[in-house]
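For reference, the chains in residue letters:
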Amino acid sequence: MYALPILIGVNIITFVLFFVVNTPDDMARMHLGIKRVSEAAIVKWKDDRGYNKPILFNGRVDGTKKITETIFFQNSVKLFVFDFGRSDSGRDIGYDISQRMWPSLAITVPSLFIGLLAYISFGLILAFFRGSYVDVSGVVLCVIMMSISGLFYIIGGQYLIGKFLHLVPISGYDTGLNAFKFIILPVLVGLIGGIGASTRWYRTIFLEEMNKDYVRTARAKGLPESRVLYRHVLTNGLIPILTGVVVILPSLFMGSLIVESFFAIPGLGSYTIDAINRQDFAIVRSMVFLGSVLYIIGLILTDISYTFVDPRVRLN
Amino acid sequence: MPVIFITDFLIFLLLFGVVAFFFYGRKQEHLAAPWRDVRKRSLAMSSAVILFFFVCIGLFDSIHFHPKIETDKSTEKIYSNEILSVLDILLSDLRLKNEKTYSAPLASYSFSKEMIEQENGKKIRAYPRLIYGGASLNNPESESTADIVKRISLGFLYGLLISAIIINLIIFVLSKLMRASYRTTLHNCLLNKFNTHWLAIFITTLTIIITICIICSLSQNYHVFGTDKVGQDVLYQALKSIRTGLVIGTLTTLVMLPFAIAMGLMAGYFRGWIDDVIQYLYTTLNSIPGVLLIAASILLLQVYISNHADDFNSIEQRADLRLLFLCIILGITSWTGLCRLLRAEALKLREIDYVQAARAFGVQNYKVIFRHLLPNVMHIVMISIVLDFSGLVLAEAVLSYINIGVDPSMYSWGNMINSARLEMAREPIVWWSLAAAFIFMFILVLAANLFSDAVRDAFDPRLREF
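Since we're looking at a predicted model, the values are computed, not measured.

Definitions and cut-offs
Residues numbered from 1 in each chain as written. Chains lettered and ligands numbered in written order. Predicted model: local features only at pLDDT ≥ 70, side-chain atom pairs only at ≥ 80, totals over all residues. Heavy atoms only, no water. Helix = DSSP H or I, 4+ residues; strand = E, 2+ residues; numbered from the N terminus. Contact = heavy atoms within 4.5 Å. Areas by Shrake-Rupley, 256 points an atom, 1.4 Å probe, with all protein chains shown as cover. Lys, Arg positive; Asp, Glu negative; His and termini not counted. Charge placed at Lys NZ, Arg CZ, Asp CG, Glu CD. Buried < 20%, exposed > 50% of the residue type's maximum accessible area, 1.4 Å probe, protein only. Salt bridge = Lys/Arg side-chain N within 4 Å of Asp/Glu carboxyl O. Polar contact = N/O pair within 3.5 Å; in protein donor to acceptor, adjacent residues only side chain to side chain. Phe/Tyr/Trp six-rings, centres within 6.5 Å; stacked < 30°, edge-to-face > 60°. pLDDT = per-residue confidence, 0-100. Pairing = 2+ DSSP bridges. Domains from an automatic or database assignment. Core = buried A, V, L, I, M, F, W, Y, C linked by side-chain atoms within 4.5 Å. Patch = residues over 30% accessible without salt bridge, like charges linked within 9 Å, V, L, I, M, F, W, Y side chains within 5 Å. Axes fitted to C-alpha atoms, helices over the stretch in contact; angles between N-to-C directions. Parallel < 35°, antiparallel > 145°, perpendicular 65-115°, else oblique. Left-handed = near helix turned anticlockwise from the far one by under 90°. Nonpolar A, V, L, I, M, F, W, Y, C, P; charged D, E, K, R; others polar. Expected span 1.5 Å × (residues − 1). Bend = angle between axes of the 7 residues up to and from the residue. Buried area = accessible area lost by both parts, 1.4 Å probe.

1. Digging into the overall build of chain B
Check the secondary structure of chain B and you find 16 helices and 5 strands. For chain B, the spread of C-alpha atoms along the three principal axes comes to 100 × 65 × 55 Å. Within chain B, contacts between residues at least 6 apart in sequence are counted, and of these 72% link residues at least 24 apart. Of the roughly 23,400 Å² of accessible surface on chain B, a fraction of 64% belongs to carbon and sulfur atoms. Of the charged side chains in chain B, 41 are positive and 37 negative, and the gap between their average positions amounts to 8 Å.

2. Thoughts on the overall build of chain A
Assigned secondary structure in chain A consists of 14 helices and 0 strands. Beginning at the N terminus, the succession of helices and strands in chain A can be written as α-α-α-α-α-α-α-α-α-α-α-α-α-α. By residue count, 45% of the 316 residues in chain A fall in the buried class. Carbon and sulfur atoms form 66% of the exposed surface of chain A, whose accessible area is close to 15,900 Å².

3. Points about the side chain of Asp 407 of chain B
Residues and elements named next belong to chain B. By the secondary structure assignment, Asp 407 is in the loop between α14 (365–401) and α15 (413–421). An unpaired buried charge is present at Asp 407: no salt bridge exists, and Arg 322, the closest side chain of opposite charge, is 4.1 Å distant. At 2.7 Å, the side chain of Asp 407 and the side chain of Ser 409 are in polar contact. Apart from residues no more than four positions distant in its own chain, Asp 407 is found in contact with Arg 318, Ala 319, Arg 322 and Asn 415.

4. Observations concerning the packing of aromatic side chains
Residues and elements named next belong to chain B. Under the criterion given, the structure shown has 13 aromatic pairs over all chains. Between Phe 22 and Phe 23, the ring centres sit 5.3 Å apart and the planes meet at 75°, which makes this aromatic pair edge-to-face. On the basis of relative accessible area, Phe 23 is assigned to the partly exposed category, the value being 46%. Between Phe 438 and Phe 442, the aromatic rings sit 5.7 Å apart at their centres with planes inclined by 5°, giving stacked as the arrangement.

5. A word on the confidence of the model for chain B
Residue and element names in this part refer to chain B. The predicted model of chain B has a mean per-residue pLDDT of 82, with 96% of residues at 70 or higher. Within chain B, strand β4 (residues 114–117) has the poorest average pLDDT of any element, 72, and helix α3 (residues 42–60) the best, 90. Here the prediction assigns the complex a pTM of 0.86, and the interface score ipTM is 0.81.

6. Here's the deal with the pairing of β4 of chain B
Residue and element names in this part refer to chain B. The pairing of β4 with strand β5 (residues 123–126) spans 4 bridges and is antiparallel. Across the sheet, Met 115 pairs through a bridge with Arg 125, a residue of β5. Counting the residues between successive antiparallel strands, the hairpin from β4 to β5 contains 5 residues, one of them, Gly 121, with a positive phi of roughly 90°.

7. Considering the environment of Asn 286 of chain B
When you line up the elements, Asn 286 of chain B lands in helix α10 (residues 272–287). Classification of Asn 286 of chain B by relative accessible area gives partly exposed; the value is 22%. Taking the C-alpha atoms as reference points, Asn 286 of chain B and Thr 333 of chain B, separated by 47 residues in sequence, lie 6.9 Å from one another. Ignoring any residue separated from it by four or fewer positions in sequence, one finds Asn 286 of chain B in contact with Tyr 295 of chain A together with Thr 336 and Arg 340 of chain B.

8. Regarding the sheet that holds strand β2 (residues 64–65) of chain B
To summarise the sheet geometry, strands pair through backbone hydrogen bonds and adopt either a parallel or an antiparallel arrangement. Residue and element names in this part refer to chain B. One open sheet holds the 3 strands; their spatial order is β1-β2-β3, and the pairing between them is antiparallel. A strand with exactly one partner marks an edge of an open sheet, and here the two such strands are β1 (2–3) and β3 (84–85). Sheet analysis places β2 next to β3, joined by 2 bridges and oriented antiparallel. Paired with His 64 across the bridge in β3 is Ser 85.

9. Comments concerning the domain arrangement of chain B
Note on interface size: it is often stated as the accessible area lost on association of the parts. As assigned here, chain B comprises domain 1 (136–219) and domain 2 (239–459). Here the C-alpha centre of domain 2 of chain B lies 36 Å away from the C-alpha centre of domain 1 of chain B.

10. A few points about the nonpolar core
In this structure, Trp 413, Ile 417 and Phe 440 of chain B are the most contacted members of the largest nonpolar core, which totals 162 residues. For this core, the element with the most residues is α14 of chain B, which contributes 18 residues. Ignoring sequence-local partners within four residues, the contact set of Phe 440 of chain B consists of Phe 54, Phe 225, Leu 235, Ala 238, Leu 239, Ile 242 and Trp 413 of chain B. Among the nonpolar cores identified, the runner-up in size contains 18 residues, and Ile 205, Val 228, Leu 229 and Val 245 of chain A belong to it.

11. A closer look at a nonpolar patch on the surface
Residues Phe 12, Leu 15, Val 19, Phe 22, Phe 23 and Ile 63 of chain B make up a contiguous nonpolar surface patch of roughly 520 Å² in combined accessible area. Checked against the element boundaries, Val 19 of chain B lands in helix α1 (residues 6–27).

12. What about unusual backbone geometry?
Even without being a glycine, Ala 264 of chain A presents a positive backbone phi close to 50°. Counting through the fold element by element, Ala 264 of chain A comes out in the loop between α12 (257–262) and α13 (268–278). At Arg 179 of chain B, a position not held by glycine, the phi torsion is positive, near 55°. As for its placement among the helices and strands, Arg 179 of chain B is situated in the loop between α6 (140–178) and α7 (182–190). By relative accessible area, Arg 179 of chain B is classed as exposed at 77%.

13. As for the packing of α14 of chain B against helix α16 (residues 432–459) of chain B
All names here are of chain B. It is the contact of α14 with α16, at a shortest axis distance of 9 Å, that shows an interaxial angle of 160°. Relative to α16, the element α14 is oriented roughly antiparallel. Here the hand of the crossing between α14 and α16 comes out left-handed. Between α14, through His 379, Met 382, Ile 383, Val 386, Leu 387, Phe 389, Ser 390, Val 393, Leu 394 and Ala 397, and α16, the contact on the second element is made entirely by Met 441, Leu 444, Val 445, Ala 448, Asn 449, Phe 451, Ser 452, Val 455, Arg 456 and Phe 459. Residue composition of the contact of α14 with α16, grouped by class: 15 nonpolar, 4 polar and 1 charged.

14. Observations regarding helix α9 (residues 234–270) of chain B
All names here are of chain B. Under the 1.5 Å per step criterion, the end-to-end length of α9 is 54 Å for 37 residues, consistent within 8% with the ideal 54 Å. The sharpest bend along α9 reaches about 40° and sits at Met 256, with the proline Pro 258 one to four residues further on. In terms of burial, α9 is largely enclosed, as 28 of its 37 residues are buried. Of the residues that open α9, the one with a side-chain oxygen 2.9 Å from the backbone nitrogen of Leu 235 is Asp 233. Positive backbone phi, approximately 50°, marks Arg 271, located one or two places after α9.

15. Details of the interface of chain B and chain A
Of the residues lining the interface, 49 residues belong to chain B; the matching set on chain A comes to 48 residues. With both sides pooled, the region where chain B packs onto chain A buries about 4,300 Å², and carbon together with sulfur makes up 75% of that total. Our enumeration of links across chain B and chain A arrives at 1 salt bridge. The salt bridge involving Asp 453 of chain B is made with Arg 200 of chain A; its shortest N-O contact spans 2.6 Å. Counting the contacts that link chain B with chain A gives 4 residue pairs in polar contact (both at pLDDT 80 or more). Looking at the side of chain B that touches chain A, the elements with two or more residues in it are α10, α11 (290–307), α14, α15 and α16 of chain B. At 12 residues, the largest contribution of residues to the side of chain B that touches chain A is made by α11 of chain B. Taken together, the residues of the side of chain B that touches chain A sort by class into 33 nonpolar, 9 polar and 7 charged.

Dropping the structure here:
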């Protein structure tokens with residue numbers, strides 16, 4: 001139930017950032033060229049995009065319109081019903097989002113699930129061989145992989161698999177089943193890029209769990225190590241893992257900004273980057289709001305999933 | 001005439017703070033003991049040496065001034081408009097040796113063919129000689145390999161010599177401090193009998209100095225990492241980028257630290273409505289995706305800069321303001337984690353007897369926070385500073401790639417990668433800009449990661465037994 005006040009807060013922050021710190025006049029001047037821009041051109045630019053209304057309170061009209069005919073109401077409050085309005089270049093943002101959602105999901109959903117599976121297994125393997133050479137070399141490898149910027153994984157992957165081995169196209173996207181060959185490389189690159197940090201993080205979680213009393217009890221009962229790991233450590237380790245996954249949830253829709261623009265996938269991530277480069281404030285504003293909505297949905301989902309993983313937690 | 005950028009000022013403020021904290025922490029047993037543990041670790045000490053070299057380069061690059069123009073009249077002082085740093089002076093060799101366009105590492109010939117007019121007036125398409133690369137050679141095709149080998153071995157010898165002097169100097173000072181003979185000190189260092197892992201420090205220093213000497217000796221006649229599109233030395237760019245990386249990695253934490261500490265401790269200590277407000281604040285900020293918040297803010301800064309273009313004296317100052325602003329924004333998006341940790345710790349601490357006793361005696365709230373809570377959360381603050389560093393350096397590269405990072409005119413690894421990316425399609429491929437950025441970033445981030453691991457293990461002993 002904390003969702004609504006947070007959303008209102010986000011809304012106010014974006015509103016202040018986009019309309020109060022920089023007035024629509026500044027934006028118009030920016031778009032039309034900095035110098036030698038006539039007043040009339042600025043007024044026309046604002047008229048076209050509906051930025052010509054007063055910011056908070058409109059004294060020139062009657063009744064409820066005093067509130068509704070303002071920039072705050074038209075551009076910020078309407079976001080609550082997912083009415084994103086039109087972008088500064090005149091396109092319908094809501095339609096664009098619904099179109100571009102699917103390519104993003106096609107990349108991020110497989111990345112998330114394959115990634116979780118892979119990282120958890122790696123983490124378990126390292127935890128199983130704790131203290132041995134397998135563990136030490138695994139951790140060293142993780143630290144080394146963590147220290148490489150994600151950009152290099154993308155560039156390296158594109159060069160090696162796309163250009164050198166010619167296995168899949170370097171970038172692009174297609175509809176339907178043809179999309180498969182375009183998806184493989186981004187998913188793979190995303191997977192490899194995350195291995196270092198995630199595996200080490202999961203290993204730490206599992207080791208922390210293995211240090212607890214119930215694991216000692218299980219071992220004392222004479223359970224084989226594999227059963228201890230899968231039955232006890234894994235299920236208990238899921239709680240912190242779930243918390244970590246929520247942080248990724250918003251990026252599930254938003255797509256990975258960098259990956260999408262590198263691989264020229266027409267998803268939400270590249271949409272946002274294009275908007276940033278074109279300085280289209282309306283789109284960035286909508287994406288900020290959408291992102292925080294998804295984050296809050298993620299928070300609520302975690303709370304619910306806790307009750308499945310850990311029956312002691314009750315929703316109230 | 002010196003010029004002080006805001007970030008320069010903050011960097012030296014930070015340096016001063018670190019030194020002050022060092023002397024403060026030495027007397028506090030709960031802070032000093034884990035550091036002794038860090039000093040025993042070989043990997044941590046190696047990374048510390050590497051970080052030290054990076055920081056030195058960054059500091060040299062943070063002292064800016066307008067250079068004096070040589071004139072005939074010695075009484076009159078005229079300063080050029082250009083802003084240089086001490087590092088630029090040290091590297092003036094690299095800075096001024098500009099080629100026409102791309103050239104491969106250690107090359108003597110240009111990367112692309114050009115029309116060359118020969119002495120007899122005939123024009124042919126061939127690879128022209130570089131202006132500086134391999135300039136001392138008469139016939140680079142046959143001589144260059146031998147010359148490179150000669151220079152590498154010369155650099156190696158010099159490196160050996162210099163590092164031997166430095167290491168001997170350290171041992172000499174140590175023996176004076178320990179009041180032992182030189183030989184026993186050397187013996188103890190090599191057998192690793194001190195509290196500090198001197199052996200690791202010596203080996204790392206040796207490696208670094210030899211590398212530096214080899215690069216120095218090579219770059220007198222070649223471009224070690226080649227040149228970029230406008231013919232600028234890539235090694236110079238990579239070295240200049242160190243400051244940007246360090247500024248982002250350290251100042252961001254410095255900027256957010258006062259807020260995070262104050263808010264976290266207040267929320268945990270006072271509880272009630274203050275806690276609610278602060279929690280609301282950081283959950284709200286947290287729920288906005290970081291990249292988008294940064295993008296929005298940078299966009300707005302661009303609007304501001306373009307509308308107030310007259311307020312800035314130079315491109316450097318504008319770039320510097322953007323760098324600072326980026327640090328602040330990154331700080332705003334990342335202070336929530338530390339704040340939450342501190343709140344949890346303060347909640348625990350406020351129930352401890354000595355805090356309760358202080359309250360019962362009627363000590364004012366702010367005094368309790370300063371005297372009793374703050375010193376006891378210092379280790380958390382320290383760990384988070386060290387842990388955040390590497391992530392921030394990596395984030396800079398990604399942000400510069402989407403054009404919401406540092407100013408495009410500023411040297412940074414992100415900008416290097418960004419401009420090199422466009423050349424990936426060339427055949428043969430232009431790889432050296434990427435390679436240079438990769439190597440420098442990798443070394444810095446790896447050293448930071450290893451060092452922060454050691455620090456965290458020392459301060460957080462839960463996992464030490466594994």
